[in-house]
Structures are given as C-alpha cells and as structure tokens.
Number of protein chains: 2
Amino acid sequence: MADPRSSLDEQIAIYQREHRDLDPQVERVVNALSRLDRRMSVAYGRQLAALGLSSAEWEVLKELVMVGSPYQLWPGTIARRLGLTPAAMTHRVDRMVAAGLVTRERDTENRVRVIVGLTDEGREKWLEVMREASAFEEELLQDFTVKERTQLGDMLIRLLDRVSVQLDRSIPSSQLRSKHGQLAEVDTPHPHP
Amino acid sequence: MADPRSSLDEQIAIYQREHRDLDPQVERVVNALSRLDRRMSVAYGRQLAALGLSSAEWEVLKELVMVGSPYQLWPGTIARRLGLTPAAMTHRVDRMVAAGLVTRERDTENRVRVIVGLTDEGREKWLEVMREASAFEEELLQDFTVKERTQLGDMLIRLLDRVSVQLDRSIPSSQLRSKHGQLAEVDTPHPHP
DNA sequence: AGTGAAGACTTCACTACTAAAGTTCGAAGC
DNA sequence: GCTTCGAACTTTAGTAGTGAAGTCTTCACT
C-alpha cells in the first residue's frame, strides 16, 4: 500500500509486515468495522449518561419497545436476545425496577415465570434517547447521498447474513435456536393482546 | 417499508411505529453496524477460545505487535489505546505474565515506568490467531468483488473520520489527545531501536 | 541539596458479569 | 394422586472492570 489514506491503512501496512498473507482490502473492512463500533459505543454512552441512563438499561428498554404493546417480556427472553446469562438479567431488572423504568411481576399463568413490563417512565426515556440518537445518526451520515446510504446498508446486510451463516455452522447443535426474529411471536408473554 | 428484505428491516419498521421521525436508510446502516460487530465479536471469541486465548489477551497482543520490533510498550499507553483504566492494565499484565505471553520489567531510564514486552510465545500466538482469523475474514467477504470491497472500505473509513469529529467535539478539551496514530512515535519505549 | 508539583503505576473498595448450584413450579408417566 | 423430570428464575462464589486514594520517581525551582 504505497499511499495510505488513513491511520487505519497505516496500521494494516504494519500488519502485513508481520504476516504476509493478509488481504489489505479485507483487513480494511474488518478493522474499520470494529473501530467504528467502538467509537459509536463511546458516543452513545455519552448521550445516555447525559440522560441519566446506562448502556445496560438502554439495551433492555430497546428490547421491550421492540416487541410493541403491551411491552412485556420474560427475563430469560431478554437475556437470550442480549447474549447475557439469566443471572445477569435478574440483577439488571432489580436495578431497573428501583429506577422506575420497568416492573417485575409473577406470570399468573405459570408462576415460575416472571413478566418484565415497561413503565410509562421507561417508555418516555426511550423516546428521549431516540430523539437525541437519531439526530446524532443523521449527522453521522450527512455526507452520504441517498444512493450511497442504500448501497452501504445493502452491503452491511449481506455481511450480516454471511456472518450469521458462519456462526450457526460453528455452534453446537444443542444450542441452535430458530433464526432471525421468528421467536418473537412465541417468546412474548402476550403475543396477541 | 413495504417489503422488508431482512429481520433488520422488520425491526426498523417497528421502531418507526414508535417514533415517526426516523430515517429508515440511516437506521439500517447504524443498526446493521452494531449487529455486525456483536456477531463478529462472538465469532472471534470462539476462535480465540479454541486457541486458549481470551479477548482481553488478544487485544494486548495486537497492540504489542502493532508497534513492531522490539515489541515493547508502557502499560499506560496500552490502556489509553484500548480505552481502559491503568488499573485494568495492571491486572491484565499480571495475568499475561503468568500465562507467559508478555514480560514486565522496570524501565531503567525512568524507574516510575514499566515496560511490557512480547515473549516469543506471545508472538507465536499472535501469528496462530491471525492465520485463523484471516481465513475467517476472507470467507466473510467471499461474495464481494474487489470493487465492492474497496467501496465498502472507503465508505466505512469516511464514517470513521466523521464519528471521530463528532466525538472530539463532545470531549472536555483537557482530555484531548493528538489524533490518529501520531502518538506512536513518542509513546513507545524504544522509538528507533 | 531540598522542596513541591506532576506523572505512572499499584492498591483498595465497589460494581456487573459468568458459571454452577439451588429453589420452586408445571407436566408427564405410573 | 404421587413422583420425577425439566424449565425459569435466584443465589452464591469467583473474575474483570472502574474510580479514587496511595506510593514512588522525576523535574523544576529555590
């Protein structure tokens, strides 16, 4: 790479000195992705902190809003979707109940289960964050034309599908779950309210 | 969005029901990025585990290889680059010394400082991981033409520059550091061995 | 020399997570 | 009807991080 256009290209040039077989075009994409995500996490973290919310709380709020009214999920479902253990969800829900963002109640149909529900305050917090976040995101993509945004989105979704295939292939079959959002219908306390 | 092409498009449609002002093209890009990074982290995590390495150890090895021979850095430098506190680095280095991946020694030129150096075993581990990882990454992008790879890389780097600007703008000026890799030359125990 | 301020790492107290064991409830088989 | 198995959450013990306080060294100045 004769004329690196960014610090990332410089870094990749160094990697190549250490390990010849690297494809620089591939490395560019992969390394840009991880750097980008790290910086965006920092940016979101600051915005959330300004609204008095932690990233952990935000993740849970998103899941609850995403299932739609009446905004209820079982703790185990949230844990699976976020890639956490049930134990971690127990504690997160504890904190969020204390903060007034969600409620925790026994499921009357199966008293082993627990239902986590969004409070009005939690719903309102979600909206506040989304208003700020969407402004930030809009600004992030301000230099991109509509066509470029579509292209970029399409390519990222192709990568997403691809990595999902690679992941499923390496998972012990006992852990396989139905793919994509299919669970939503059967994994929600009140599928059709 | 009449005809969602992926579970991601479905999710965005739900978000729009809850908050009208969202630009779906923007949301597609942003949400794909975060999903992609999460899944790739899982994939890398599995590969590393198979080689007996944690993600934390891998991050440190990368930084050390990246400065080139003689593969030495101060703990504080590594901590800054990884976005960790100095305290966290103290413990990481403890564990990695015990695992034989790095050495820790006092800097003879300034006895407040400590020098973390890569062992031959650490160097070899880095190579092992890179061999596996580059195969995985190559496969990830197998459906992309050379032109598409370049386009994607270019767009991601544009986003990277953009988010960096947005981040710097919201940082207290006392915390501002020189941008990009400029520190490398002055932030390494032996700049010109 | 001697003092004071600043810097670099470590230590301490605390927080959040994981893995595994424990508890309780519901369902299936005898 | 009782028992046993499995599922869902909670509890416990251990690990890795943060922020703040502490220790030692260097540097600038008297």
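Residues numbered from 1 in each chain as written. Chains lettered and ligands numbered in written order. Predicted model: local features only at pLDDT ≥ 70, side-chain atom pairs only at ≥ 80, totals over all residues. Heavy atoms only, no water.

> I'm lost on the protein's contact with DNA strand C in this one. Help?
In the vicinity of DNA strand C lie 21 residues, with A:Thr85, A:Arg92, A:Arg95, B:Thr90 and B:Val112 positioned nearest. Here, DNA strand C places atoms within 4 Å of the protein, and 80% of those atoms are sugar or phosphate. At 2.7 Å, a side-chain N or O of A:Arg95 approaches a phosphate oxygen of DNA strand C. Here a phosphate oxygen of DNA strand C sits 3.0 Å away from a polar atom, N or O, in the side chain of B:Arg104. Sorting the residues of the surface near DNA strand C by element identifies helix H5 (86–98) of chain A together with helix H4 (75–82) and helix H5 (86–98) of chain B as the ones contributing at least two each. The residue makeup of the surface near DNA strand C, split by class, is 10 nonpolar, 6 polar and 5 charged. (Near = heavy atom within 4 Å. Polar contact = N/O pair within 3.5 Å; in protein donor to acceptor, adjacent residues only side chain to side chain. Helix = DSSP H or I, 4+ residues; strand = E, 2+ residues; numbered from the N terminus. Nonpolar A, V, L, I, M, F, W, Y, C, P; charged D, E, K, R; others polar.)

> Would you mind going over the protein's contact with DNA strand D with me for this structure?
Inspection of the region around DNA strand D gives 20 residues, with A:Pro75, A:Thr90, B:Thr85, B:Arg92 and B:Arg95 positioned closest. Within the side chain of A:Arg104, a nitrogen or oxygen atom sits 2.9 Å from a phosphate oxygen of DNA strand D. At a separation of 3.1 Å, a phosphate oxygen of DNA strand D approaches a polar side-chain atom of B:Arg111. Every element with two or more residues in the surface near DNA strand D is listed here: helix H4 (75–82) and H5 of chain A together with H5 of chain B. With 4 residues, H5(B) is the largest single contributor of residues to the surface near DNA strand D. Within the surface near DNA strand D, the residues separate by chemical class into 10 nonpolar, 5 polar and 5 charged.

> Would you mind showing me how to read the relation of the copies chain B and chain A here?
One copy of the chain maps onto the second through a rotation around an axis plus a translation along that axis. Expressed as a screw operation, the relation of chain B to chain A combines 0.0 Å of axial shift with a rotation of 180 degrees, fitting to an RMSD of 0.1 Å. In short, the pair behaves as if placed about a two-fold rotation axis. (Least-squares fit on C-alpha atoms with pLDDT ≥ 70 in both.)

> What's the story with H4(B) in this structure? I'm lost.
Because an α-helix completes one turn every 3.6 residues, residues spaced three or four positions apart along the sequence face the same direction. Within H4(B), the full set of buried residues consists of B:Pro75, B:Thr77, B:Ile78, B:Ala79 and B:Leu82. Along its buried surface, H4(B) packs onto helix H2 (24–50) of chain A together with helix H3 (55–66), strand S1 (72–73), H5 and strand S3 (114–118) of chain B. (Buried < 20%, exposed > 50% of the residue type's maximum accessible area, 1.4 Å probe, protein only. Contact = heavy atoms within 4.5 Å.)

> Looking at this structure, how should I read the interface of chain B and chain A?
Note: interface size is frequently given as the accessible area lost on complex formation between the parts. Between chain B and chain A, the contact holds 77 residues from the first and 77 residues from the second. Here chain B meets chain A over a buried area of about 7400 Å², counting both sides, of which 63% is carbon and sulfur. For the pair chain B and chain A, the interface holds 12 salt bridges. Across the pair A:Glu139 and B:Arg162 runs a salt bridge whose closest N-O atoms are separated by 3.7 Å. Counting across the chain B and chain A interface gives 23 residue pairs in polar contact (both at pLDDT 80 or more). (Buried area = accessible area lost by both parts, 1.4 Å probe. Salt bridge = Lys/Arg side-chain N within 4 Å of Asp/Glu carboxyl O.)

> What's the story with the sheet that holds strand S2 (residues 102–106) of chain B in this structure? I'm lost.
The strands making up a sheet are joined through hydrogen bonds of the backbone, oriented either antiparallel or parallel. Residues and elements named next belong to chain B. One open sheet holds the 3 strands; their spatial order is S1-S3-S2, and the pairing between them is antiparallel. In this open sheet, the two edge strands, each paired with only one partner strand, are S1 and S2. Running over the sheet, H3 touches S1, S2 and S3 and is turned about 90 degrees from S3. This element, H5, spans S2 and S3 of the sheet and lies at about 120 degrees to S2. (Pairing = 2+ DSSP bridges. Axes fitted to C-alpha atoms, helices over the stretch in contact; angles between N-to-C directions.)

> What exactly am I supposed to notice about the environment of B:Gly76 here?
Residues and elements named next belong to chain B. Along the polypeptide, glycine 76 turns up in helix H4. Judged by its relative accessible area of 29%, glycine 76 is partly exposed. Sequence-wise, glycine 76 and proline 86 are 10 residues apart; in three dimensions their C-alpha atoms are separated by 5.8 Å.

> Just to check I follow, could you spell out the pattern of salt bridges for this structure?
Any two side chains of opposite charge can pair, on the condition that their charged atoms come close. Under the defined criterion, the tally for this structure stands at 26 salt bridges over all chains. Put simply, A:Glu59 and B:Arg38 hold a salt bridge, and the shortest N to O gap is 3.0 Å. Highlighted residues: A:Glu59 in helix H3 (residues 55–66) and B:Arg38 in helix H2 (residues 24–50), drawn from two different chains. Look at B:Arg38 and you get partly exposed, because its relative accessible area is 39%. Of the charged contacts, one joins B:Lys125 and B:Glu128 as a salt bridge, the two residues approaching to 4.0 Å between their closest N and O atoms. Linking B:Lys125 with B:Glu128, this pair stays in helix H6 (residues 120–140), spanning 3 residues, or about one helical turn.

Bear in mind that shape data such as this cannot, by itself, settle questions of function.
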